[in-house]
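If you want the building blocks of each chain, they are given just below.
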Amino acid sequence: MPEHEQPLRVLPLLADQGVLERYRGGARSVLLRGEETPFPLRARDGVETKRRLAAEVAALLADGESVVLDSGTTCLEVARALHHRRLTVMPLSLHAANALADAPRLTLLLPGGAPRRGELALTGPLTEASLAALRFDTAVIGCCGLSAEHGLTAYDLADAAVKRAAIASARRVIAVTESAKLARTALAHVLPASALHAVVTDQAAPLEQTDALAAAGVTVRKV
């Protein structure tokens, strides 16, 4: 298929997923600050980049660590990168839990909670109580938006509450995100950027954002 025709073939899929509204002669995005691209669409996007980010996060974890692992497609790749590691991991989504279910050397902990449809992210009082009962070495947190000005943000209020609970239970916080989410701000504030210990992102990250994060005391690693 000619390259210029590929976007036209994608439009019906995006419309079916609720990302675009089509009109005669074109289409427009319906995703606003409070709306998230559906999980199946995100899972197919930027897979190689997410795998590089996941490998870098895995390299930052020492054998024997206890880790709470956030939900989302990038953190799902982190789960896959940890499959053969000697760690204790509590994943906050059923997707990641399934990826780690048969890990040979890993101790898997499962929180309570109600899975969000599609995302299968665990949320609610049972999830938050599970996190409050434990203390982790590291929290690996995904995000919907991250900027030096507005900090780490999420689309879903319940998801933001679980992220805050995970962060509160950990000694170190690593945010992992594709560069496209830097300078983006979603609806629900999670924490200020200065509360992060490290950010793992890709080489396309805007320099003004990575410099601002570094100025706030955050270690930025580009892969």
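## Thoughts on the confidence of the model for the chain
- When pLDDT is averaged along the chain, the result is 87; 80% of the residues meet or exceed 70.
- Across residues 1–8, confidence stays below pLDDT 50; counting only partners more than four residues off in sequence or on other chains, it has two contacts.
- Here residues 17–33 scores under 50 on pLDDT; set against residues more than four positions off or in separate chains, the count is 37 contacts.

## As for the environment of threonine 73
- Residue position: threonine 73 is located in helix H4 (residues 73–81).
- Residue threonine 73 is classed as buried on the basis of its relative accessible area, which comes to 8%.
- Residues threonine 73 and glutamate 119, 46 residues apart in the sequence, show an inter-C-alpha distance of 8.8 Å.

## Considering the side chain of arginine 172
- Mapped onto the elements of the fold, arginine 172 is located in strand S11 (residues 170–176).
- A polar contact of 3.2 Å, which involves the side chain of arginine 172, links it to the side chain of glutamate 65.

## Quick notes on the pairing of strand S3 (residues 66–69)
- Alternating positions in S3 separate into two faces, Ser66 and Val68 on one and Val67 and Leu69 on the other, with burial throughout.
- Strand direction decides the pairing type here: S3 and strand S4 (residues 88–91), joined by four bridges, are parallel. Bridge pairing in S4 places valine 67 opposite valine 89.
- With three bridges connecting them, S3 and strand S8 (residues 136–141) associate as parallel partners. Looking across to S8, one finds that valine 68 is bridged to alanine 139.

## So, the state of the cysteines
- By the definition in use, this model includes zero disulfides.
- Looking at cysteine 143, it has no disulfide partner, and the nearest cysteine sulfur is the one in cysteine 144, 7.0 Å off.
- Exposure remark for cysteine 143: the relative accessible area of 6% places this residue in the buried category.
- On the accessibility criterion, cysteine 144 (7% relative accessible area) is buried.

## Describing the environment of alanine 165
- Following the sequence through the fold, alanine 165 ends up in helix H7 (residues 157–168).
- Residue classification places alanine 165 among the buried positions, given a relative accessible area of 17%.
- Through-space distance from the C-alpha of alanine 165 to that of leucine 131 is 6.2 Å; in sequence the pair is 34 residues apart.
- In this view, alanine 165 contacts Glu128 and Leu131; residues no more than four positions away in its chain are not counted.

Conventions used here
- Residues numbered from 1 in each chain as written.
- Predicted model: local features only at pLDDT ≥ 70, side-chain atom pairs only at ≥ 80, totals over all residues.
- Heavy atoms only, no water.
- pLDDT = per-residue confidence, 0-100.
- Contact = heavy atoms within 4.5 Å.
- Helix = DSSP H or I, 4+ residues; strand = E, 2+ residues; numbered from the N terminus.
- Buried < 20%, exposed > 50% of the residue type's maximum accessible area, 1.4 Å probe, protein only.
- Polar contact = N/O pair within 3.5 Å; in protein donor to acceptor, adjacent residues only side chain to side chain.
- Pairing = 2+ DSSP bridges.
- Disulfide = S-S within 2.5 Å.

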